Amino acid sequence: MRKALIGLCGAVAALFAVTTASAQQTLKIGIILPYSGQFADAATQMDNAIKLYVKQHGDSVAGKKLEFIRKDTGGIAPDVAKRLAQELVVRDKVDILAGFLLTPNALAGGDISNEAKKFMVVMNAATSIITTKSPYMVRTSLTTPQVNAALGEWAYKNGIRKSYTMASDYGPGLDAEGAFSGAFKAAGGEIIGQVKMAVANPDFSAYVQRAKDLNPESIYIFVPGGAQPPALGKAMAERGIDPQKIKVLGQGEITDDQALKSMGDQALGIITAFHYDPNHQSAMNKKFVADYNADYKRNPDFFSVGGWDGMHAIYESLKKTNGDTDGEKLIGAVKGMAWESPRGPISIDPETRDIIQTVYIRRVEKVDGKIVNVEFDKVEKVKDPVKAKMKTN
């Protein structure tokens with residue numbers, strides 16, 4: 001009996017040891033996105049790219065099996081995002097935090113990343129200050145000042161002298177409009193008026209009419225991606241804003257696929273600056289678009305490429321640390337990292353942990369009967385101008 005008991009205890013101990021060893025070989029990634037609500041489609045686009053990356057690169061890195069735990073914020077909900085991030089760290093024992101489509105949610109998640117010293121990958125949220133919330137945070141998407149300052153400078157260099165601005169009244173919108181206006185005025189341009197629009201506003205008719213009544217030389221627009229660009233496009237078409245007569249400028253969301261469908265020919269001539277478009281003519285992007293369409297029956301977008309490159313940053317950082325998930329080691333591994341993305345060459349600024357990339361200037365044109373964004377100019381190796389200015393002060 002005693003021998004049997006000893007044997008049983010030994011078997012249990014051995015099983016426990018195997019189970020523990022197995023658990024140590026699992027690496028957990030917590031993804032926080034607005035899977036429901038008005039930004040649900042944007043979250044789906046990002047998550048699809050995450051899944052595609054894992055499918056093509058395997059679900060193990062540096063000898064560790066990856067486990068993904070997904071959490072839904074339901075929209076702009078910083079309190080919810082903070083609670084979910086805390087639950088992921090404390091209860092689910094995640095090693096890495098990722099996702100973060102929206103600025104308020106990313107800022108809230110940054111508090112937890114900082115406190116828990118967890119590596120955090122922001123795959124979209126674009127307000128400049130986000131990466132200052134935690135020294136363990138990196139961003140693989142864009143900053144709104146990065147894109148819009150480049151557009152402001154480009155606009156003046158290409159003959160535009162006056163502009164009226166329309167922007168959503170929240171962090172990214174304020175960042176975007178401020179960057180465009182600042183760069184445009186610094187170059188010699190004049191802002192003749194501006195309006196701040198409610199971020200959850202579903203009807204832009206009054207704002208568009210006000211802009212049209214002024215008959216400005218140009219109109220600059222910023223609204224967040226998701227449901228708002230198509231609604232804005234519809235209002236512009238209904239109110240008769242003609243981009244052939246009034247130059248319409250903005251960040252790339254205003255001419256995403258859904259917005260172009262809403263505007264039709266009315267969109268022809270709109271000029272945008274952006275870091276990614278599915279029509280980008282590189283071999284890597286053509287494959288990315290084809291593979292994405294094969295799995296999801298639609299084009300990837302800027303949310304998708306942020307998720308794709310976010311996964312690349314996670315995989316390559318883990319390879320460098322040989323699977324060690326210590327926050328200091330992972331953030332050290334990603335600083336200065338450079339790679340070829342579907343959007344073109346990108347790198348991570350070692351000082352700011354933000355992305356350095358090409359900003360493409362695009363015009364809506366009709367190609368083979370389809371209305372698409374066509375790249376016709378670019379600004380290379382663009383850094384976030386807000387952080388660059390902070391470093392010189």
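You'll find the structure just up there.
Now for a look at the structure at hand.

Attention shifts here to the overall build of the chain. Summing up its helical and strand segments, the chain has 13 helices and 15 strands in all. On C-alpha atoms alone, the chain measures out to a radius of gyration of 23 Å, which is about the 21 Å that the 2.2 N^0.38 rule sets for 393 residues. A buried classification covers 55% of the 393 residues belonging to the chain. In the chain, the share of contacts with a sequence separation of at least 24, taken over all contacts with a separation of at least 6, comes to 67%. Here the chain displays about 16300 Å² of accessible surface, and carbon together with sulfur accounts for 53% of that area. If the 49 positive side-chain charges of the chain are averaged to one point and the 44 negative ones to another, these points end up 4 Å apart.

In this section: the nonpolar core. In terms of nonpolar packing, the biggest core is built from 67 residues, with Phe 119 and Ile 314 touching the most fellow members. Top contributing element to this core by residue count: helix α11 (residues 302-320), with nine residues. Not counting residues up to four positions away in its chain, the partners in contact with Phe 119 are Asp 95, Ile 96, Leu 97, Tyr 136, Val 138, Ile 314, Ser 317, Gly 327, Leu 330, Ile 331 and Val 334.

Taking strand neighbours across the sheet as the criterion, the six strands line up as β2-β3-β1-β4-β5-β6 in an open arrangement whose pairing is mixed. In this open sheet, the two strands that pair with only one neighbour each are β2 (60-61) and β6 (137-139). Note that β2 and strand β3 (residues 64-72) share two bridges and pair antiparallel. Paired with Ser 60 across the strands is Lys 65, a residue of β3. Packed onto the sheet, helix α12 (residues 327-334) meets β4 (96-99), β5 (119-122) and β6 and runs at close to 40 degrees relative to β5.

Its 14 residues place the ends of helix α5 (residues 144-157) 20 Å apart at the C-alpha level, agreeing with the 20 Å of an ideal helix rising 1.5 Å per residue. With a side-chain oxygen positioned 3.0 Å from the backbone nitrogen of Gln 146, the residue opening α5 is Thr 143.

Further remarks concern the side chain of Ser 304. Mapped onto the secondary structure, Ser 304 falls in helix α11. By relative accessible area, Ser 304 is classed as buried at 0%. Among the polar contacts made by the side chain of Ser 304, one reaches the main-chain carbonyl oxygen of Gln 45 at a distance of 3.2 Å. The residues touching Ser 304, leaving out its near neighbours within four places in the chain, are Gln 45, Met 46, Ala 49, Phe 288 and Tyr 292.

The backbone of Lys 117 shows a phi angle near 60 degrees, a positive value even though the residue is not glycine. Considering the arrangement of structural elements, one finds Lys 117 in the loop between α4 (103-116) and β5. On the basis of relative accessible area, Lys 117 is assigned to the exposed category, the value being 52%. Unusually for a residue other than glycine, Asp 368 sits at a positive phi of about 50 degrees. If you trace the backbone, Asp 368 turns up in the loop between β14 (355-367) and β15 (370-382). For Asp 368, a relative accessible area of 76% puts it in the exposed group.

Next up on the list: the packing of α11 against α12. Contact pair α11 / α12: the axes reach a minimum separation of 8 Å and the direction vectors enclose 110 degrees. Of the possible angle classes, the one that applies to α11 and α12 is roughly perpendicular. For α11 against α12, the interelement crossing comes out right-handed. Within the contact between the two elements, α11 uses Ala 313, Ser 317, Leu 318 and Lys 320 and α12 uses Leu 330, Ala 333 and Val 334. Class assignment for the residues of the contact of α11 with α12 results in five nonpolar, one polar and one charged.

Attention now goes to empty space enclosed by the protein. Under the counting rule described, the total for this entry stands at two cavities of 30 Å³ or more. Considering only enclosed or pocket space, the largest cavity measures out at about 150 Å³ in volume. Around the largest cavity, the lining is made up of 18 residues, and of these Leu 101, Asn 124, Tyr 170, Pro 224 and Glu 253 lie nearest the centre. Taken together, the residues of the lining of the largest cavity sort by class into twelve nonpolar, five polar and one charged. Taken as a whole, the second largest cavity spans an internal volume of roughly 60 Å³.

So, on to the environment of Gly 75. In this fold, Gly 75 is placed in the loop between β3 and α3 (78-90). Residue Gly 75 is classed as buried on the basis of its relative accessible area of 6%. If sequence neighbours within four positions are ignored, Gly 75 has contacts with Pro 34, Ser 36, Phe 39, Leu 102 and Asn 105.

On a regular strand, each side chain points to the face opposite its neighbour's, so the side chains alternate between the two faces of the sheet. With ten bridges connecting them, β14 and β15 associate as antiparallel partners. Directly across from Val 367, in β15, lies its bridge partner Lys 370. In textbook terms, the turn of a hairpin is the stretch between consecutive antiparallel strands, and for β14 and β15 this stretch comprises two residues, one of which, Asp 368, has a positive phi near 50 degrees.

Right, let's talk about the pairing of strand β13 (residues 344-348) for a bit. In terms of residue burial, β13 counts as a mostly covered element, since four of its five residues are buried. Here strand β12 (residues 338-341) pairs with β13 via four bridges, running antiparallel. Counted as the bridge partner of Trp 339 is Ile 346 from β13. In textbook terms, the turn of a hairpin is the stretch between consecutive antiparallel strands, and for β12 and β13 this stretch comprises two residues. Pairing analysis gives two bridges linking β13 to β14, with the strands arranged antiparallel.

Parameters at a glance
- Residues numbered from 1 in each chain as written.
- Predicted model: local features only at pLDDT ≥ 70, side-chain atom pairs only at ≥ 80, totals over all residues.
- Heavy atoms only, no water.
- Helix = DSSP H or I, 4+ residues; strand = E, 2+ residues; numbered from the N terminus.
- Rg over C-alpha atoms; globule rule 2.2 N^0.38 Å.
- Buried < 20%, exposed > 50% of the residue type's maximum accessible area, 1.4 Å probe, protein only.
- Contact = heavy atoms within 4.5 Å.
- Areas by Shrake-Rupley, 256 points an atom, 1.4 Å probe, with all protein chains shown as cover.
- Lys, Arg positive; Asp, Glu negative; His and termini not counted.
- Charge placed at Lys NZ, Arg CZ, Asp CG, Glu CD.
- Core = buried A, V, L, I, M, F, W, Y, C linked by side-chain atoms within 4.5 Å.
- Pairing = 2+ DSSP bridges.
- Axes fitted to C-alpha atoms, helices over the stretch in contact; angles between N-to-C directions.
- Expected span 1.5 Å × (residues − 1).
- Polar contact = N/O pair within 3.5 Å; in protein donor to acceptor, adjacent residues only side chain to side chain.
- Parallel < 35°, antiparallel > 145°, perpendicular 65-115°, else oblique.
- Left-handed = near helix turned anticlockwise from the far one by under 90°.
- Nonpolar A, V, L, I, M, F, W, Y, C, P; charged D, E, K, R; others polar.
- 1 Å grid on protein atoms, 1.4 Å probe; cavity = no way out; pocket = protein on both sides within 12 Å on 5 of 7 lines; lining within 4 Å.
- Points joined across faces, edges and corners; volume = space filled by probe spheres on them.

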